[in-house]
Amino acid sequence: MSSTDVRNEAEDSGPSGYAAARLRLLTEGARSGPPRRAALAELTDEWLTGLFAAGAEGMRGVSLIAVGGYGRGELSPRSDLDLLLLHDGGDSKAVAALADRIWYPVWDLGLALDHSVRTPAEARKTAGEDLKVQLGLLDARHIAGDLGLTAALRTSVLADWRNQAPKRLPELQELSVERAERQGELQYLLEPDLKEARGGLRDATILRAVAASWLADAPREGLDDARRRLLDVRDALHLSTGRATDRLALQEQDQVAAELGLLDADTLLRQVYEAARVISYASDVTWREVGRVLRARAVRPRLRAMLGGGAKPTAERSPLAEGVVEQDGEVVLARAARPDRDSVLPLRAAAAAAQAGLPLSLHAVRRMAAGARPLPTPWPAEAREQLVTLLGSGRPTVEVWEALEAEGLITHFLPDWERVRCRPQRNAVHIWTVDRHLIETAVRASEFTRRVHRPDLLLVAALLHDIGKGWPGDHSVAGEIIVKDVAARIGFDRDDVAVLSTLVRHHLLLVDTATRRDLEDPATVRSVAEAVGSQGTLELLHALTEADALATGPAAWSSWRGSLVADLVKRVGAVLAGDDPDEPEAAAPTAEQERLAIEAIATGSPVLSLRAQTEPPTEEQPSGDPEPLGVELLIAVPDQPGVLPAVAGVLAMHRLTVRTAELRALDLPDGVEGSVLLLNWRVAAEYGSLPQAARLRADLVRALDGSLDIAGRLAERDAAYPRRRGVVAPPPRVTVHPAASRLATVIEVRAQDAPGLLFRIGRALEDASVRVRSAHVSTPGANAVDAFYVTGPEGAPLPGDEAAAVARKLEETLRG
């Protein structure tokens, strides 16, 4: 059906004809994108013109105007109709009757309507009081009625906007900043608001308004295409959900991607992020220019008075580096700079800007991008040094890097960067895309450069540690291969390349081992020492581990994790220094442990104590209250079956999160008969305060004697909470690590975290007749990664086939 046919159907059949034509238009897949939005706006114009004509017969001095997105002719499937009925103040009853003739048919069709009835004076007054109204009127478009009335309003509103711009633009910028703080940055959100988040459609509209003020204009290259992409995604979102929503929820992304003909949800998000990045960068540049112009306007009259009113002041230029100067709060190129002859100039300018804490001017970046020459392989020493200087500049690095990124200079120097650009990370722990996470890691690593002997290697490893995430398979393995090539091209020698590749290959080794393995087991420490190889690499890996975790998000690092990693580093450092850890002897019980054990034998029931653990002051944080590491829970229980699931179940009932868990049989003093299991766990309250020790003990007694139905209680609590739609979690996976310990068999469980998970694991292991020597629990985001050191009843590691059978049975239980 052609556009003419659609319009004729709407005109011939009234509201029902418009509804049918509208539905037909929205279901024509071939007309998606800008053509469909324009056709829908045109179709709606025709319908509303008919409604207006029928109700305004004989009336003068009245017009119907589209404002906002409808005024721009960009009507999405579920967009509001933003309409203004403008009149010259004549017959108010006739105007009210006309408004009813238009508004009610719109409502009857179930269309959202944002409407107003005003005189030109009222419209201007309201615009002067409400920025949203003023922005909408800047896009006013005549639909029907008195064209002269509409044209006069447009002219006056635009003149008002330009006259008031010096006052209103700072107000608009402040509102934009507040909105960004509430909604976040579109280019990093897993469930972004396409309109309100920073870099979204609202910001694209604001850039049009700034341009209309004549004070500044946004960089145009790529901006219209970015806006079109976001509008296309919103159209698909409206059609796939049937709702007027701007939030791209996780559960809708696959369907939206299919609607747009994209491969998958990740491809969709990457396109959204790229569009948002263009709009965000354009906003940064534009607001910076607005500030510069307003400052110049404020200063110019005073300067002219000082100069006698004739001479035009010249902006000062302060040299920063060869070919690079500061001018008017920005970093620009010197007049003699030749980007086409100086291949290091972009890196030198970027490093100088970051060191000075100043932005790179748009003109300078574009000039360097247009004339950029490829660096020789390997890079000259100056280029490598300038890259390291840029990475070590701290927080200003981010803005400078984004400026280089916007004009393609990052991939010019580092072609492998293209695969991680705007790549989403579907993990609740990560708050950034892969590329931004890498820059954030470098920013964090710059704080640790005084802790290492080779800060250059630390900073480059921080930049490249996740570079393998753009390739299939284990990103650490892929990254190691990529970094060997990149580091050699950058100009590092063979030994440094080996260190960098080791850092990238094992950047998760320390935190994974510290939180998931038994550090008392010599095999654990030796395996890390063998992987790291040297004290210098260990020092770098320790700093990289902390920088990586801090740059991931608040859930990825804590004092508890830091203390475990530091303990592991200390042990590995001793091995690398020549010490050989002996097989551990059973540690002598402390006085507290011995007291609890004797009491447990005497009473024949479990006894426990709760004690807060804190981190002592450090050189970096020498004063203030010690930071809590959690609560140490000591439990002594007469040896009996079912201890692990009973304790884990009681803790789950009381909403206590288990961070580490160790179980062992305790040697009692001479003269004391009986066998006692000692459980030394570190726990934290999920929320609220810790329960009283007496309540925990009472429930534990009931759990061990079978009078407390833990499984039933946990099931009731789970059923009481509504299930939320979201991403379907991958199935649990249970694996055996036969070489991880000579003292026990290590069984690792990876599963979606849920209340009572440790209880279910403990009960399954108990049913398999294995003994848990220790447990190491880690919960990054929504994923639990728990390692259990288990033995047979006699205390020896399990044979291979038996260990595999236990793992299979445990996995089946968790999947069931």
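Scroll up to find the structure.
Residues numbered from 1 in each chain as written. Predicted model: local features only at pLDDT ≥ 70, side-chain atom pairs only at ≥ 80, totals over all residues. Heavy atoms only, no water.

A.B. asks: How do you make sense of the overall build of the protein when you look at a structure like this?
C.D. replies: Helices and strands together make up the secondary structure of the protein, namely 30 helices and 15 strands. Within the span of the protein, comprising 816 residues, buried residues form 51% of the whole. (Helix = DSSP H or I, 4+ residues; strand = E, 2+ residues; numbered from the N terminus. Buried < 20%, exposed > 50% of the residue type's maximum accessible area, 1.4 Å probe, protein only.)

A.B. asks: Even after reading the chapter, I still don't get the sheet that holds strand E6 (residues 324-327), so can you show me in this structure?
C.D. replies: Each strand in a sheet pairs with another by means of backbone hydrogen bonds, the pair being arranged parallel or else antiparallel. Taken in spatial order, the three strands line up as E5-E6-E7 in an open sheet, and their pairing is antiparallel. Unpaired on one side and paired on the other, strand E5 (317-321) and strand E7 (330-333) mark the two borders of the sheet. Across this sheet, the average inter-strand angle for adjacent strands is 40 degrees, counted without regard to direction. The sheet contact formed by E6 and E7 spans four bridges and is antiparallel. For valine 324, the partnering residue across the bridge sits in E7 and is leucine 333. (Pairing = 2+ DSSP bridges. Axes fitted to C-alpha atoms, helices over the stretch in contact; angles between N-to-C directions.)

A.B. asks: Teacher, can you tell me more about the packing of aromatic side chains here?
C.D. replies: How two aromatic rings sit relative to each other is given by the distance of their centres and the angle of their planes. Applying the stated criterion across every chain yields a total of five aromatic pairs. With centroids separated by 4.2 Å and ring planes inclined at 5 degrees, the aromatic side chains of tyrosine 18 and tryptophan 47 adopt a geometry described as stacked. Taken as a pair, tyrosine 18 in helix H1 (residues 3-26) and tryptophan 47 in helix H2 (residues 34-55) lie far apart in primary sequence, 29 residues in all. Arginine 384 extends its terminal NZ or CZ atom over the ring of phenylalanine 492, reaching a point 5.6 Å from the ring centre. (Phe/Tyr/Trp six-rings, centres within 6.5 Å; stacked < 30°, edge-to-face > 60°. Lys NZ or Arg CZ within 6 Å of the ring centre and 35° of its normal.)

A.B. asks: Would you mind showing me how to read the sheet that holds strand E1 (residues 62-66) here?
C.D. replies: Reading across from one edge, E3-E2-E1-E4 is the order of the four strands in this open sheet, with mixed pairing throughout. The open sheet is flanked by strand E3 (113-118) and strand E4 (141-145), the only strands paired with a single partner. Strand-to-strand twist across the sheet, computed as the mean angle between neighbouring axes with direction ignored, equals 20 degrees. Relative to E3, strand E2 (residues 81-87) runs parallel, the two sharing six bridges.

A.B. asks: Mind showing me how you'd approach the environment of leucine 414 here?
C.D. replies: Secondary-structure assignment places leucine 414 in the loop between helix H16 (409-413) and helix H17 (434-445). Sequence separation between leucine 414 and isoleucine 490 is 76 residues, and the spatial gap between their C-alpha atoms is 9.2 Å. With residues near it in sequence (within four places) discarded, leucine 414 still touches Trp379, Trp401, Leu463, Val486 and Ile490. (Contact = heavy atoms within 4.5 Å.)

A.B. asks: Just checking my understanding: could you explain helix H6 (residues 131-138) for this structure?
C.D. replies: Each full turn of the α-helix corresponds to 3.6 residues, which orients residues three or four apart in the same direction. When you tally the buried positions in H6, you get seven out of eight residues, the bulk of the element. Considered for burial, the residues of H6 that qualify are Leu131, Val133, Gln134, Leu135, Gly136, Leu137 and Leu138. Looking at the buried residues of H6, the elements they touch are helix H3 (68-71), E2, helix H5 (120-129), helix H7 (147-183) and helix H8 (201-213). A distance of 2.9 Å separates the backbone nitrogen of lysine 132 from a side-chain oxygen at the start of H6, and that oxygen is part of aspartate 130. (Polar contact = N/O pair within 3.5 Å; in protein donor to acceptor, adjacent residues only side chain to side chain.)

A.B. asks: Hey, could you run me through the environment of proline 691 in this one?
C.D. replies: Within the secondary structure layout, proline 691 lies in the loop between strand E11 (676-685) and helix H27 (693-705). Distance from proline 691 to histidine 654, taken between C-alpha atoms, is 7.0 Å for residues 37 residues apart in sequence. Leave out the neighbours within four places in its chain, and proline 691 touches Leu610, His654, Leu656 and Leu696.

A.B. asks: How do you make sense of the nonpolar core when you look at a structure like this?
C.D. replies: In a soluble, globular protein the nonpolar side chains are often hidden away together inside. By size, the foremost hydrophobic cluster in this structure holds 93 residues, and its most contacted members are Leu360, Trp379, Trp401, Leu414 and Trp417. With sequence-adjacent residues up to four places away left out, tryptophan 401 is seen in contact with Leu387, Leu390, Leu391, Ile410, Leu414, Trp417, Ile439 and Leu463. Core analysis: the second largest hydrophobic core is formed by 52 residues, Val650, Phe759, Ile761 and Ala803 among them. (Core = buried A, V, L, I, M, F, W, Y, C linked by side-chain atoms within 4.5 Å.)

A.B. asks: Before we go on, may I ask you to explain the pairing of strand E15 (residues 783-791) in this structure?
C.D. replies: Every other side chain in a regular strand lies on the same face of the sheet, so the side chains alternate between the two faces. Most of E15 is tucked away: eight of the nine residues are buried. Sheet analysis places strand E13 (residues 745-752) next to E15, joined by eight bridges and oriented antiparallel. Within the sheet, the bridge partner assigned to valine 746 lies in E15 and is tyrosine 789.

A.B. asks: Even after reading the chapter, I still don't get the packing of helix H21 (residues 509-516) against helix H22 (residues 522-532), so can you show me in this structure?
C.D. replies: To describe two helices that pack against each other, one gives the angle between their axes and the distance between the axes. Viewed as axis vectors pointing N to C, H21 and H22 meet at an angle of 180 degrees, and their least axial separation amounts to 11 Å. Taken together, the axes of H21 and H22 are roughly antiparallel relative to one another. The segment H21 lies against H22, with Leu509, Leu510 and Thr513 engaging Thr524, Val528, Ala531 and Val532. Classifying every residue of the contact of H21 with H22 gives five nonpolar, two polar and no charged. (Parallel < 35°, antiparallel > 145°, perpendicular 65-115°, else oblique. Nonpolar A, V, L, I, M, F, W, Y, C, P; charged D, E, K, R; others polar.)

A.B. asks: I keep staring at helix H19 (residues 475-490) and nothing clicks. Help me out?
C.D. replies: Taking 1.5 Å as the rise per residue, H19 with 16 residues should run 22 Å; its terminal C-alpha atoms sit 21 Å apart, in good agreement. Helix geometry: H19 is bent most strongly at isoleucine 482, by close to 25 degrees. Listed in full, the buried residues belonging to H19 are His475, Ser476, Ala478, Gly479, Ile482, Val483, Val486, Ala487, Arg489 and Ile490. In this structure, the buried residues of H19 make contact with helix H14 (381-391), H16, helix H18 (455-464) and helix H20 (494-505). For H19, the N-terminal cap is aspartate 474; the gap from its side-chain oxygen to the backbone nitrogen of serine 476 is 2.8 Å. (Expected span 1.5 Å × (residues − 1). Bend = angle between axes of the 7 residues up to and from the residue.)

A.B. asks: Whenever I open this one, the side chain of aspartate 193 confuses me. Can you help?
C.D. replies: Structurally, aspartate 193 is set in the loop between H7 and H8. Within the buried set, aspartate 193 has no salt-bridge partner at all; the shortest N-O distance to an opposite charge, 4.0 Å, is to arginine 247. Ignoring anything within four residues of it in the chain, the contact list for aspartate 193 reads Gln183, Leu186, Asp246 and Arg247. (Lys, Arg positive; Asp, Glu negative; His and termini not counted. Salt bridge = Lys/Arg side-chain N within 4 Å of Asp/Glu carboxyl O.)

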